[in-house]
Amino acid sequence: MQAIHIRFKNKSIPVHNFTHRHSHIEMLSSKLKEFELHFEFRKKLKMISMIEIIGDVAIFKYNDGTKLYLEVS
């Protein structure tokens, strides 16, 4: 599977979509737009190494192994 890159501000983040639905990528993009002005979320997003989409959940993976789960539907 090839990773799709999504842009948030000036950062490009690889996204692995295990559902193979383009609609989940669009929902993730719209959810990131909602959080664009949320300072704490932007601060956490700077440390993200990759995003996995499984079902209706986006899993943000950090370099240290921790994860942040976000419902995209």
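> So what exactly am I meant to see when it comes to the nonpolar core here?
General note: in soluble globular proteins, nonpolar side chains tend to be found buried as a group. Counting 17 residues, the largest nonpolar core has Leu28, Leu32, Leu45, Ile51 and Phe60 as its most contacted members. Among the elements of the structure, strand S1 (4–8), strand S2 (11–17), helix H1 (22–34), helix H2 (39–45), strand S3 (48–54) and strand S4 (57–62) are those that each provide at least two residues to this core. Not counting residues up to four positions away in its chain, the partners in contact with phenylalanine 60 are Leu28, Leu32, Phe41, Leu45, Ile48, Met50, Ile51, Thr66, Lys67, Leu68 and Leu70.

> Before we go on, may I ask you to explain the sheet that holds S2 in this structure?
In sheet architecture, strand pairing relies on hydrogen bonds along the backbone and comes in two forms, parallel and antiparallel. Pairing is mixed in the open sheet, where five strands are placed in the order S1-S2-S3-S4-S5. Strands at the two margins of the open sheet, each flanked by one partner only, are S1 and strand S5 (67–71). Adjacent strand axes in the sheet meet at a mean angle of 30° when their direction is disregarded. With three bridges joining them, S2 and S3 adopt parallel strand pairing. Following the sheet pairing, histidine 16 is matched in S3 by glutamate 52. Running at roughly 15° to S1, H1 makes contact with S1, S2, S3, S4 and S5 of the sheet.

> Where do I start with the packing of aromatic side chains in this structure?
Two descriptors summarise a pair of aromatic rings, namely the distance from one centre to the other and the angle between the planes of the rings. Per the stated rule, a full pass over the model turns up two aromatic pairs. A ring pair is formed by phenylalanine 41 and phenylalanine 60, whose centres lie 6.1 Å apart and whose planes are at 85°; its orientation type is edge-to-face. On the criterion of sequence distance, the pair formed by phenylalanine 41 in helix H2 and phenylalanine 60 in strand S4 is long-range, its members being 19 residues apart. Of the two residues, phenylalanine 41 and phenylalanine 60, neither departs from the other in class, the shared state being buried. An aromatic cluster of at least three residues, connected via ring pairs, comprises Phe35, Phe41 and Phe60.

Rules of the game
- Residues numbered from 1 in each chain as written.
- Predicted model: local features only at pLDDT ≥ 70, side-chain atom pairs only at ≥ 80, totals over all residues.
- Heavy atoms only, no water.
- Core = buried A, V, L, I, M, F, W, Y, C linked by side-chain atoms within 4.5 Å.
- Buried < 20%, exposed > 50% of the residue type's maximum accessible area, 1.4 Å probe, protein only.
- Helix = DSSP H or I, 4+ residues; strand = E, 2+ residues; numbered from the N terminus.
- Contact = heavy atoms within 4.5 Å.
- Pairing = 2+ DSSP bridges.
- Axes fitted to C-alpha atoms, helices over the stretch in contact; angles between N-to-C directions.
- Phe/Tyr/Trp six-rings, centres within 6.5 Å; stacked < 30°, edge-to-face > 60°.

That is the geometry; function is a separate question.
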